[in-house]
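A structural walkthrough
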Amino acid sequence: MMYPFMTLNDDTEITHSEMKSDGHVKVFIETPDIKDGFHNAICWLPEYKWENIHGYSESEIQYFKKLIRNNAHLILEFSQEGGILNATAV
């Protein structure tokens, strides 16, 4: 199951999985692109292991690395609570 986390102004979607039994969380980044269809990348928390990077420039990946690092505590928390929508339900 993947949960929405953030949508950026360029329609980049950032989603994350539930926390696996081993403590890992998959973060998936995807940006629509007219020429290529989609650019995407995966980051595994808590190690910040990046894989399957397609279509992004080095500067874009550096931006995403900083963004994920700055929000990892929230992603890890939400991954244990069924995503941001369940974590913030009243």
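Preceding this paragraph is the structure being described.
Please read all numbers here as calculations on a predicted model, not as lab measurements. As a convention, each chain's residues are numbered from 1 in the sequence order in which they are written. The model is predicted, so local features are restricted to residues of pLDDT at least 70 and side-chain atom pairs to those at 80 or more, both for listing and for counting; the totals for chains, interfaces and linings are taken over all residues. Excluded from the side-chain calculations are hydrogens and water; all other atoms, namely the structure's heavy atoms, are used.

1. A look at the pairing of strand β5 (residues 49-54)
Our working definition: The rule for pairing is simple: two strands pair if DSSP sees at least two bridges between them. In this text, helices come from DSSP runs of H or I with a minimum length of four residues, and strands from runs of E with a minimum of two, each type numbered from the N-terminal end.
Of the pairings in the sheet, the one linking strand β4 (residues 37-45) to β5 comprises four bridges and is antiparallel in character. When the bridges of β5 are listed, Ile-42 appears paired with Glu-51. Where β4 folds back onto β5 in an antiparallel hairpin, the turn is made up of three residues, including Tyr-48, whose phi is positive at roughly 60°.

2. Topic: helix α1 (residues 58-79)
We apply this condition: To estimate the expected span of a helix, count its residues, drop one, and scale the result by 1.5 Å. Fitting axes to the seven residues that end at a residue and to the seven that start at it, the angle between those axes gives the bend at that residue. Note on classification: 1.4 Å probe, protein chains only; a residue is buried when its accessible area is under 20% of the maximum for its type, exposed when over 50%, partly exposed between these limits.
The terminal C-alpha atoms of α1, which comprises 22 residues, lie only 27 Å apart, well short of the 32 Å expected from a rise of 1.5 Å per residue. Of all the bends in α1, the greatest, near 60°, is centred on Asn-71. Among the residues making up α1, those that are buried are Ile-61, Phe-64, Leu-67, Ile-68, Asn-71, Ala-72, Ile-75, Phe-78 and Ser-79.

3. Focus on the pairing of β4
Pairing between strand β3 (residues 25-33) and β4: nine bridges, direction antiparallel. From the neighbouring strand, Val-25 faces β4, where its bridge partner is Leu-45. Remark: three residues form the turn of the hairpin made by β3 and β4, two consecutive strands paired antiparallel.

4. Examining the pattern of salt bridges
The cut-off we apply is this: A pair is scored as a salt bridge if a Lys or Arg side-chain nitrogen falls within 4 Å of a carboxyl oxygen belonging to Asp or Glu.
The full count for this structure, using the stated rule, is two salt bridges. With its nearest N and O atoms 3.1 Å apart, the salt bridge here joins Lys-20 to Glu-18. Under the relative-accessibility criterion, Lys-20 is labelled partly exposed at 33%. The class for Glu-18 is partly exposed, based on a relative accessible area of 25%. In this structure, Glu-51 engages Lys-49 in a salt bridge whose closest nitrogen and oxygen atoms are separated by 3.7 Å. Under the relative-accessibility criterion, Glu-51 is labelled partly exposed at 24%. A relative accessible area of 48% places Lys-49 in the partly exposed class.

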